[in-house]
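Here are the chains, one letter per residue:
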Amino acid sequence: MRPTFSRLLADAARRDERVLLLTGDHGYALFDEFRRVCPGQYLNCGVAEQNMVGVAAGLAKGGFRPIVYGLAAFIPMRVLEQIKMDVCFESLPVIFIGDGAGVVYSTLGASHQCTEDLAALRAIPHINIVSPADRYELEYCFDQILAADGPSYLRFGKADRGDVHTALPRVELGDLIQVRSGSASYAFIATGSMVRTAIELAEHFGSVPVWSVPAITPVNEKQLLEIGRAHRQLFVMEEHSVHGGLGSLVAESAATSGGFRVARLGIENRFSDLCGSYSFLMSRHGLGTNELRDRIAAILADAGPDK
Amino acid sequence: MPKGAFHAPALRKTVLEMAFAGSSVHIGCAFSIVEILAVLYRSHLRLGNGQPKSAGRDYLVLSKGHGVMALYACLYELGWLQRDDIDRYFGDGTRLKGLSDVHVPGVEVTSGSLGHGLSVGVGLALAAKRKGTGQRCYAIVGDGEMNEGAIWEALLFAAQFRLDNLMVIVDENRFQAMGTTADIMMLGDLEVKLRAFGFDAVTVDGHDENALERAFSEVKSAANARPKAVVARTVKGKGVSFMENDNIWHYTRLTDATYREALRELDAA
């Protein structure tokens, strides 16, 4: 995903001189191509994220299309209020990139991990939120938010999990995309890094359909409800807190319109306590493939046999 | 005084009328920036075709949104706000809030959360520089607001990006919400600090319109790549004797008696 992202950024700047890339002194190798191709459109704003977001707002008001890059722990978390007041309140066309979302920075600890960004941004009006699963979804999401009139957040999580698509999705922003078909009475819904995991689990459990959710806001709620009503249970997987992310979103729909059960498989309300590899931390949070397999099997056993 | 003269006592009177109509607070915050706004609107801000969103206009950024009633008084003089806006301040369903909101014609940035506006102003100045439009950005920040770290981030950035079309005007009234800046968060010599941050800076009596006029012209005329700053020494509550330097007017609402007494003083000014 990262080479794709590097290319997408450079292409966007090359096509449109209004596109400016603002970074808070992060993104060492990611921007090599951008800096080579469009050095004048690259602004290192220093280790000063609050000001960077305000400057992006001013640049957008002045006719530019800023892309604000940072680690998700800082963009959006550190500057949530600037995003709310300087950008979203006026619905300015600013794109925020939160890199390393989830527990990607597994060895650096809680300061660099981010499992609350979706929850924080979902409650702010006007901002699109996308969470691509692979390089195809990344390109699709980036094209969509680049063309948007208002603000957007691109959640860039674990980027080396492999493809889940074979071509660019051709759907409306907000649509869920079926990445595996199946006839089970339950289905898997996932976003970002967890789509790959959901597919692996579906292969284990048999004929389980899997949907990827590249857009958290807006989301095609009608389609979501149709999927829910066609199954007795949805398992929602995300590398994010179970509070306020995709699992919450699906559960809110289910609670409002009823008819199906939702299991939220995300990070419980806790920080990472130990250091280790990405896969170690995912397992520790119960989100490794093996842990999820056991958790899902237990929930299915509790629910009893298909009627 | 004719409309559009930006006569300071008349502006204060409009502020007072609004504050009384809306039973609003923050009167002292508005009174300290009246002359700054009057001089900027009268002779520095280029407003293009005279409409709020005129292309190529200079930007006035009120980063200390708590002084917004003084800005409203100027916008009323420009004809961008109506008498009804003044008379019905804070009425149900009205458009003027107690802190600056970008959706009001003539208000360039939303403030109230302190330490935001200067960065947005820096972005506006940078946009103008990149496009070569010649537009200037005047950003009014409060000294209390300078407690915010984002202000100092913005100052660093403005110098680094050589934003000589930015003028930061500090309303140095030496008060913040709960007391004096000296007691709460000492700011020291702001002119020295601003110079150390790479600004051309001068200090001036913020209620002497001639001195403000000279200071704005002087710092603007310096042909260098440095951003500009004017530290305006002001009096919180300026213009009404019993409000001056009494921080209670950050919070207190007017009564019939204090309203009449304040009006009498302003009419005599």
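Residues numbered from 1 in each chain as written. Chains lettered and ligands numbered in written order. Predicted model: local features only at pLDDT ≥ 70, side-chain atom pairs only at ≥ 80, totals over all residues. Heavy atoms only, no water.

Novice: Looking at this structure, I do not really get a nonpolar patch on the surface. What am I missing?
Specialist: A surface patch of nonpolar side chains, amounting to about 430 Å² of accessible area, comprises Met 178, Ile 184, Met 185 and Tyr 251 of chain B. Inspection of the secondary structure puts Tyr 251 of chain B in the loop between strand E7 (228–233) and helix H11 (256–268). (Patch = residues over 30% accessible without salt bridge, like charges linked within 9 Å, V, L, I, M, F, W, Y side chains within 5 Å. Areas by Shrake-Rupley, 256 points an atom, 1.4 Å probe, with all protein chains shown as cover. Salt bridge = Lys/Arg side-chain N within 4 Å of Asp/Glu carboxyl O. Helix = DSSP H or I, 4+ residues; strand = E, 2+ residues; numbered from the N terminus.)

Novice: Would you take a moment to explain the pattern of salt bridges for this structure?
Specialist: Opposite charge on two side chains permits them to pair, given that their charged atoms come into close proximity. Applying the stated criterion to the full structure yields 35 salt bridges over all chains. We note a salt bridge from Arg 293 of chain A to Asp 294 of chain A, for which the minimum N-O separation is 3.7 Å. Overall, Arg 293 of chain A belongs to the partly exposed group, its relative accessible area being 28%. Judged by relative accessible area, Asp 294 of chain A falls into the partly exposed class, the value being 47%. When the shortest N-O distance is used, the salt bridge between Glu 172 of chain B and Arg 174 of chain B registers 3.6 Å. Residue classification places Glu 172 of chain B among the buried residues on the basis of a relative accessible area of 4%. Salt bridges sharing common partners tie together Arg 7, Asp 11, Arg 14 and Glu 139 of chain A. (Buried < 20%, exposed > 50% of the residue type's maximum accessible area, 1.4 Å probe, protein only.)

Novice: What should I look at first to understand the environment of Ile 140 of chain B in this one?
Specialist: Residue and element names in this part refer to chain B. Position of Ile 140 relative to the elements: it lies in strand E2 (residues 137–142). Taking the relative accessible area as the measure of exposure, Ile 140 reaches 0% and is therefore buried. Residues Ile 140 and Asp 171, spaced 31 residues apart in sequence, show a C-alpha to C-alpha distance of 6.8 Å. Look past the residues within four positions of Ile 140 in its chain and what remains in contact with it is Ile 33, Ile 36, Leu 37, Leu 40, Leu 60, Val 61, Leu 62, Ser 63, Lys 64, Glu 145 and Ile 169. (Contact = heavy atoms within 4.5 Å.)

Novice: Would you take a moment to explain the sheet that holds strand E2 (residues 42–44) of chain A for this structure?
Specialist: Two modes of strand pairing occur in sheets, parallel and antiparallel, and in both the strands are linked by backbone hydrogen bonds. All names here are of chain A. Across the sheet, seven strands lie side by side as E2-E1-E3-E4-E6-E5-E10; this open sheet has mixed pairing. The sheet terminates laterally at E2 and strand E10 (215–217), the two strands that pair on one side only. With strand direction ignored, the average angle separating the axes of adjacent strands in the sheet is 20 degrees. (Pairing = 2+ DSSP bridges. Axes fitted to C-alpha atoms, helices over the stretch in contact; angles between N-to-C directions.)

Novice: So what exactly am I meant to see when it comes to the side chain of Thr 234 of chain B here?
Specialist: All names here are of chain B. With respect to the helices and strands, the residue Thr 234 is situated in the loop between E7 and H11. There is a polar contact of 2.5 Å between the side chain of Thr 234 and the side chain of Asp 171. When sequence neighbours within four positions are dropped, the list of residues in contact with Thr 234 reads Ser 32, Ile 36, Asp 171, Glu 172, Asn 173, Gly 206 and His 207. (Polar contact = N/O pair within 3.5 Å; in protein donor to acceptor, adjacent residues only side chain to side chain.)

Novice: What am I meant to see in unusual backbone geometry here?
Specialist: Excluding glycine, a negative phi dihedral is what most residues carry, and trans is how most peptide bonds are arranged. With an omega of 20 degrees, the peptide bond between Ile 75 of chain A and Pro 76 of chain A qualifies as cis. Take Pro 76 of chain A: it is sitting in the loop between strand E3 (65–71) and helix H4 (80–88). The omega torsion of the bond from Thr 217 of chain A to Pro 218 of chain A falls at -5 degrees, within 30 degrees of zero and hence cis. Unlike most non-glycine residues, Ser 91 of chain A shows phi in positive territory, near 55 degrees. Within the secondary structure, Ser 91 of chain A sits in the loop between H4 and strand E4 (95–99). A relative accessible area of 29% places Ser 91 of chain A in the partly exposed class. Of note in this structure, Phe 6 of chain B is not a glycine but carries a positive phi near 55 degrees. Within the fold, Phe 6 of chain B resides in the segment before helix H1 (8–22).

Novice: Just checking my understanding: could you explain the domain arrangement of chain A for this structure?
Specialist: Residues and elements named next belong to chain A. According to the domain assignment, chain A consists of domain 1 (2–156) and domain 2 (177–303). Taking only C-alpha atoms into account, the centre of domain 1 sits 26 Å from that of domain 2. The interface is formed by 25 residues belonging to domain 1 together with 31 residues belonging to domain 2. Summing both partners gives a buried area of about 2000 Å² for domain 1 against domain 2, and 55% of it is carried by carbon and sulfur. Contact with domain 2 buries area across many residues of domain 1, yet Val 103, Thr 115 and Arg 122 alone supply 30% of it, more than any other trio. With a closest N to O distance of 2.7 Å, Arg 122 and Glu 252 form a salt bridge. Between domain 1 and domain 2 we count 18 residue pairs in polar contact (both at pLDDT 80 or more) in total. In terms of residue count, the dominant contributor to the side of domain 1 that touches domain 2 is helix H5 (residues 117–122) (four residues). Looking at the side of domain 1 that touches domain 2, its residues break down into 13 nonpolar, seven polar and five charged. (Domains from an automatic or database assignment. Buried area = accessible area lost by both parts, 1.4 Å probe. Nonpolar A, V, L, I, M, F, W, Y, C, P; charged D, E, K, R; others polar.)

Novice: I tried to follow helix H8 (residues 221–229) of chain A on my own but got confused; where do I start?
Specialist: Residues and elements named next belong to chain A. All buried positions along H8 are accounted for by Gln 223, Leu 224, Leu 225, Ile 227 and Gly 228. Looking at the buried side of H8, the elements it contacts are strand E8 (186–190), strand E9 (210–212), strand E11 (233–241) and helix H9 (246–257). The opening residue of H8, the one whose side-chain oxygen lies 3.3 Å from the backbone nitrogen of Lys 222, is Asn 220.

Novice: Quick question: what am I supposed to make of the pairing of E7 of chain B here?
Specialist: All names here are of chain B. Where burial is concerned, most of E7 is hidden: five out of the six residues are buried. Where strand E3 (residues 166–172) and E7 come together, six bridges link them in parallel fashion. Looking at the pairing, Val 170 lines up with Val 231 of E7. One ladder, built from six bridges, connects strand E6 (residues 200–205) with E7; its direction is parallel. Residue pairing in the sheet places Asp 200 in a bridge with Lys 228 of E7. Each parallel crossover has a hand, and for E6 linked through helix H10 (residues 209–221) to E7 it is right-handed. (Right-handed = clockwise from strand over helix to strand, strands pointing away.)

Novice: Even after reading the chapter, I still don't get the interface of chain B and chain A, so can you show me in this structure?
Specialist: The parts lose accessible area when they come together, and the size of an interface is often stated as this lost area. Counting residues at the interface gives 23 residues for chain B, matched by 25 residues for chain A. Taking both partners together, chain B and chain A bury about 1900 Å²; carbon and sulfur atoms supply 61% of that area. When the area that chain B buries against chain A is broken down by residue, the three leading residues are His 116, Arg 130 and Glu 153 of chain B, summing to 30%. Where chain B meets chain A, there are 11 residue pairs in polar contact (both at pLDDT 80 or more). Breaking the side of chain B that touches chain A down by element, the ones donating at least two residues are helix H6 (117–131) and helix H7 (149–160) of chain B. Tallying contributions element by element places H6 of chain B first for the side of chain B that touches chain A, with nine residues. Partitioning the side of chain B that touches chain A into residue classes produces 11 nonpolar, six polar and six charged.

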